[in-house]
Amino acid sequence: MKVFITRKLVGKAEQMLKANGIQVKTFPEDRAISRAELLKNIKDADGIISMFTEKIDKKVIDNLERCKIIANCAVGFNNIDVRYANEKNIAVTNTPEILTDATADLTVALVLACARRLREGERMMRKNEWTGWKPQQLLGLEMKNKTVGIVGAGRIGYAVAKRMKSFGTKIIYFDRKNNLKFEKEFSAKRFSLSALLRRADIVSVHLPLDKKTLHILNKDNLKQMKKNSVIVNTSRGEIIEEKSLIQLLKKKKIFAAGFDVYEGEPVINPELRKLDNVFLLPHIGSATVETRSAMAELCAKNIIKVLSGRKPVTPVYVR
Ligand code: DGY
């Protein structure tokens, strides 16, 4: 059995596969694999460990001669045509739960960085521009008594709400369905997206990307946000219509925005770099030693299960 891994992984995933008699080939370069390289390397693989940065569409799937499983090393799987893979009897798996805490921690860091203007403060120190304490210097926003709007009350949304609640905030949420556990635990009410944006001081985005959530935050509803509000996105860039958000930030119609993900990343809109009221991170929500090792190892477990004729641990399906 052969497995192709599109990027060098952290932790013991490779050893686990080898210990199970699986031959492993890892793309050797420290960059995203090109489509041509991907097509060439996966042709005769029995399993693939892919990253969310590779588009695994019908053409790629049709090129597979014997693949039984695509283990995506991410919780998001919008890069894969899951329905088509399943039709071809190829299992698709993701890495849920294990990255929830790391992503929630980073989300809170982004919220605080935006609300307390950490970027401006840090820049001032590095540029040796600080002339001393001033009563009005870099005034930010406090968390206590603020309303946090969680957009997407899944596992990560829940973990962010839990952290934010400890700051003395009120939690509200938007989701397609009612989440009773979420409502009970945080005394949270569900609102339509527009109503949430009108009410929230902090908006945190945690939706999976699909046809229904693409640009779900857009020109029409973003403008309803409060003037002193903060928005952060650690899910997928395409959920927010970025150019409309940039316009609001430029005109200071909202206080600040924190980005870990971007439309069309890794290329980012150059306007973002010019703004003082944004905090920009390079898609590092799950980037802790513990989480990235666990993600890779879960991919290996899924591969071992499927290649030995058993059910995967964390399959995904699209109906
Ligand atoms: C995911 O898991 O979907 C992240 O975006 C990468 O960790």
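The structure under discussion appears in the preceding block.
Residues numbered from 1 in each chain as written. Predicted model: local features only at pLDDT ≥ 70, side-chain atom pairs only at ≥ 80, totals over all residues. Heavy atoms only, no water.

Asker: Which parts of the structure should I look at to understand the overall build of the chain?
Answerer: Helix and strand counts for the chain stand at 13 helices and 12 strands. Taking 20 Å as the expected radius of gyration for a compact globule of 319 residues, we find that the chain reaches 21 Å, a close match to that expectation. In terms of its C-alpha atoms, the chain occupies a principal-axis envelope of roughly 65 × 50 × 30 Å. Burial analysis of the chain (319 residues in total) assigns 51% to the buried set. By sequence separation, contacts in the chain at least 24 residues apart represent 58% of the contacts at least 6 residues apart. Of the roughly 16500 Å² of accessible surface on the chain, 53% is carried by carbon and sulfur atoms. (Helix = DSSP H or I, 4+ residues; strand = E, 2+ residues; numbered from the N terminus. Rg over C-alpha atoms; globule rule 2.2 N^0.38 Å. Buried < 20%, exposed > 50% of the residue type's maximum accessible area, 1.4 Å probe, protein only. Contact = heavy atoms within 4.5 Å. Areas by Shrake-Rupley, 256 points an atom, 1.4 Å probe, with all protein chains shown as cover.)

Asker: Explanation requested: the packing of helix 5 (residues 100-115) against helix 7 (residues 155-165) in the structure shown.
Answerer: For any two helices packed against each other, one specifies the crossing angle of their axes together with the interaxial distance. Following both chains from N to C, one finds helix 5 and helix 7 inclined at 50°, their axes separated by 9 Å at the closest point. With respect to each other, helix 5 and helix 7 are oriented oblique. In the crossing of helix 5 with helix 7, the sense of the turn from one axis to the other is right-handed. Across from Thr100, Asp101, Thr103, Ala104, Asp105, Thr107, Val108 and Val111 in helix 5, the residues of helix 7 making contact are Arg155, Ile156, Ala159, Val160, Arg163 and Met164. Residues of the contact of helix 5 with helix 7, tallied by class, amount to 7 nonpolar, 3 polar and 4 charged. (Axes fitted to C-alpha atoms, helices over the stretch in contact; angles between N-to-C directions. Parallel < 35°, antiparallel > 145°, perpendicular 65-115°, else oblique. Left-handed = near helix turned anticlockwise from the far one by under 90°. Nonpolar A, V, L, I, M, F, W, Y, C, P; charged D, E, K, R; others polar.)

Asker: Help me out: how do you make sense of helix 7 in this one?
Answerer: Residues lying three or four places apart along an α-helix face the same way, a consequence of the helix completing one turn every 3.6 residues. Listing the buried residues of helix 7 in full gives Ile156, Gly157, Tyr158, Ala159, Val160, Ala161 and Met164. Contacts from the buried residues of helix 7 go to helix 5, strand 6 (147-151), strand 7 (170-174), helix 8 (180-186) and strand 9 (202-205).

Asker: Help me understand the packing of aromatic side chains in this model?
Answerer: The geometry of two aromatic rings is summed up by the distance between their centres and the angle between their planes. In total, this model carries 5 aromatic pairs according to the counting rule given. For the ring pair Phe182 and Phe186, a centre distance of 5.0 Å and an interplane angle of 70° mean the geometry is edge-to-face. Taken together, the positions of Phe182 and Phe186, both in helix 8 and 4 residues apart, correspond to about one turn of that helix. According to the relative accessible area criterion, Phe186 is buried, its value standing at 2%. Between the aromatic rings of Phe259 and Tyr262, the centroid separation amounts to 5.7 Å while the plane-to-plane angle is 10°, which identifies the pairing as stacked. Taken as a pair, Phe259 and Tyr262 share a single burial class, namely buried. Here a set of aromatic residues connected by ring pairs shows up, and it is made of Tyr158, Tyr173, Phe182 and Phe186. Over the face of the ring belonging to Tyr84 we find Lys58, whose NZ or CZ atom lies 5.4 Å from the ring centre. Its end group placed over the ring of Phe52, Arg236 keeps NZ or CZ at 4.6 Å from the ring centre. (Phe/Tyr/Trp six-rings, centres within 6.5 Å; stacked < 30°, edge-to-face > 60°. Lys NZ or Arg CZ within 6 Å of the ring centre and 35° of its normal.)

Asker: Sorry if this is basic, but what is going on with the site of the ligand here?
Answerer: As a matter of local geometry, the ligand sits amid Phe52, Ala74, Val75, Gly76, Leu99, Arg236, His283, Ser286 and Met295. Val75 places a polar main-chain atom, nitrogen or oxygen, 2.7 Å from an oxygen atom of the ligand. Arg236 is positioned such that a nitrogen or oxygen atom in its side chain is 2.6 Å from an oxygen atom of the ligand. In isolation the ligand exposes 230 Å². Once the protein is present, 90% of that is buried. Classifying every residue of the shell around the ligand by side-chain character gives 5 nonpolar, 3 polar and 1 charged. (Near = heavy atom within 4 Å. Polar contact = N/O pair within 3.5 Å; in protein donor to acceptor, adjacent residues only side chain to side chain.)

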